[in-house]
Amino acid sequence: LNQNLKIKKGDTLQLTATVLPADSTDKLTWKSSNTKKVTVSETGKIKAVATGSATITVTSESGKKATCKVTVK
């Protein structure tokens, strides 16, 4: 995941998480720390809802985590 992103209100963007090894079958869970600012789908597509920021976290079934800070302008 990119560590910091800046997007405009109303824009959408697909985030991608890389799971290793490549043949892993771990399911990924996506979560936004502030859904009033940024929402995220179960496939990692974010939408900028309102000006502000949120942290997007993706977690694998095996417990690995990655985060991305999203700032909405």
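Above this text sits the structure in question.
This section reports on the structure supplied with the text. Computed from a predicted structure; not experimentally measured.

## Things to note about the overall build of the protein chain
- Check the secondary structure of the protein chain and you find zero helices and seven strands.
- In sequence order, the protein chain lays out its α and β elements as β-β-β-β-β-β-β.
- Over its C-alpha trace the protein chain gives a radius of gyration of 12 Å, about what one expects of a compact globule, namely 11 Å for 73 residues.
- Surface summary for the protein chain: the accessible area is close to 4,900 Å², and the carbon and sulfur share equals 48%.
- Here the protein chain contributes 13 positive and 5 negative side-chain charges, whose respective centroids are spaced 17 Å apart.

## Observations regarding the side chain of S60
- Mapped onto the fold, S60 is located in strand 6 (residues 52-60).
- Assessed through its relative accessible area of 8%, S60 is described here as buried.

Reading the values: rules and limits
Residues numbered from 1 in each chain as written. Predicted model: local features only at pLDDT ≥ 70, side-chain atom pairs only at ≥ 80, totals over all residues. Heavy atoms only, no water. Helix = DSSP H or I, 4+ residues; strand = E, 2+ residues; numbered from the N terminus. Rg over C-alpha atoms; globule rule 2.2 N^0.38 Å. Areas by Shrake-Rupley, 256 points an atom, 1.4 Å probe, with all protein chains shown as cover. Lys, Arg positive; Asp, Glu negative; His and termini not counted. Charge placed at Lys NZ, Arg CZ, Asp CG, Glu CD. Buried < 20%, exposed > 50% of the residue type's maximum accessible area, 1.4 Å probe, protein only.

What is shown is where atoms sit, not what they do.
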